[in-house]
Amino acid sequence: MPKLAYLGPEGTFCEAALRILAPDAERLPCANVSAALDAARGGEADGAVVPLENSVEGAITVTLDELAWGEPLLISAELLLPVEFSLLVRPGIGLPQIKRVYTHPAAITQCRNYLARELPDAVVVAAPSTAAAALEVSMPGSPYDAAIGPAIAGEHYGLFELAARMGDRDDTVTRFVRVSRPGPLPEPTGADRTSLVAFLRDDHPGALLEMLSEFAVRGVNLTRIESRPTGDGIGRYFFHFDAEGHVGDARVGEALSGLRRLSDDVRFLGSYPRADRVSPQLKSGVADPDFAEAAGWLARIRTGQA
Ligand SMILES: O=C(O)C(=O)Cc1ccccc1
């Protein structure tokens, strides 16, 4: 039974994602995303489940930066989890008594309308996770009057659900990934995704366009692109890419090789089955047999057999 680290404590959205991705796994709750990934890196756990992006708020930047800079980890699976937020209070507390709200930053940004409408004067404070906020609010004498999180966190910590479905949208989805130390890749399924980061060799006009061209000319569709600061000064960025397909597909492998030739560094972050099972729409000439036929033709020319 694998042991998987996750953003704890018990009752987070991350735990719900882990239970779906790996129902039989032993669970190791961690205080934050970095600690969960470190548990996977150090062997305390066999892997970790962490949030990567949200359909409303975008990237969970701590995860992107950890995957780009920390000891290498590979994504082996992903899950799209619908997230619904509840306002959780100690029994007896009503809206007028709520002066301080505690929750994860991703929940703050996704509940802006409710907070502005119902709690315009409340101070909203960032917590390590939604369940950490619920646990804190459940403590007698807590400086916080309410937490925002999954209804299940409220049940777990004995809180009352003062409002349900309080997110700005009711179709919000968070993408979670399972990561582990580098090893054999998941087999191609025909509906895969490949993640990587690329660092520019030098800054010049068209540098990003050149990177994108490596995917475009081989008919590889991108599903996410993100620029993140390198930390070396204003205007210095590196790029995260999610591409359709598996590194075992000729067009994806060749795009990665091309990217490597023109980048300072490329870090492969994994090829894994897509949660939505969508297969790429391939234009003609970019399937594996097309690459094999062209390679054979070139070999015949080079060996004088053409
Ligand atoms: O804090 C949690 O429960 C998490 O899993 C992180 C998170 C927070 C808000 C929306 C999606 C994920």
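Predicted, not measured: the structure shown is a model, and the values here were computed from it. (Residues numbered from 1 in each chain as written. Predicted model: local features only at pLDDT ≥ 70, side-chain atom pairs only at ≥ 80, totals over all residues. Heavy atoms only, no water.)

(A) Here's a closer look at the overall build of the protein chain. Scanning the protein chain for helices and strands turns up 10 helices and 15 strands. Referenced to the eigenvectors of the C-alpha coordinate spread, the extents of the protein chain come out at roughly 85 × 45 × 35 Å. In the protein chain, buried positions account for 47% of the 306 residues. A fraction of 75% describes how many contacts in the protein chain between residues 6 or more apart in sequence connect residues 24 or more apart. For the protein chain, the exposed surface amounts to about 14,600 Å²; the carbon and sulfur share of it is 53%. (Helix = DSSP H or I, 4+ residues; strand = E, 2+ residues; numbered from the N terminus. Buried < 20%, exposed > 50% of the residue type's maximum accessible area, 1.4 Å probe, protein only. Contact = heavy atoms within 4.5 Å. Areas by Shrake-Rupley, 256 points an atom, 1.4 Å probe, with all protein chains shown as cover.)

(B) Looking closely at a negative patch on the surface. On the surface, Asp202, Asp203, Glu210, Asp264 and Asp265 cluster together into a negatively charged patch. Position of Asp202 relative to the elements: it lies in the loop between β12 (192-200) and α8 (207-216). (Patch = residues over 30% accessible without salt bridge, like charges linked within 9 Å, V, L, I, M, F, W, Y side chains within 5 Å. Salt bridge = Lys/Arg side-chain N within 4 Å of Asp/Glu carboxyl O. Lys, Arg positive; Asp, Glu negative; His and termini not counted. Charge placed at Lys NZ, Arg CZ, Asp CG, Glu CD.)

(C) Molecular detail of the UniProt feature "domain: Prephenate dehydratase" (unreviewed entry) in the protein chain. Listed under "domain: Prephenate dehydratase" (unreviewed entry) in the UniProt record, and renumbered for this structure, are residues 3-181. For the annotated span residues 3-181, helix accounts for 31% and strand for 32% of the residues, and the straight-line distance between the end C-alpha atoms is 13 Å. (UniProt positions renumbered as here; feature names shortened; annotations may be inferred.)

(D) Focus on the sheet that holds strand β14 (residues 237-244). In space, the four strands of this open sheet follow the order β13-β14-β12-β15, with antiparallel pairing throughout. Every interior strand has two partners, whereas the edge strands, β13 (222-229) and β15 (263-273), have only one. Across the sheet, the mean angle separating the axes of adjacent strands is 15° when strand polarity is ignored. As judged from the seven bridges shared by β12 and β14, these two strands associate in the antiparallel manner. The residue of β14 that forms the bridge with Val197 is His240. Contacting β12, β14 and β15, helix α9 (residues 250-262) crosses the sheet at an angle of about 160° to β15. (Pairing = 2+ DSSP bridges. Axes fitted to C-alpha atoms, helices over the stretch in contact; angles between N-to-C directions.)

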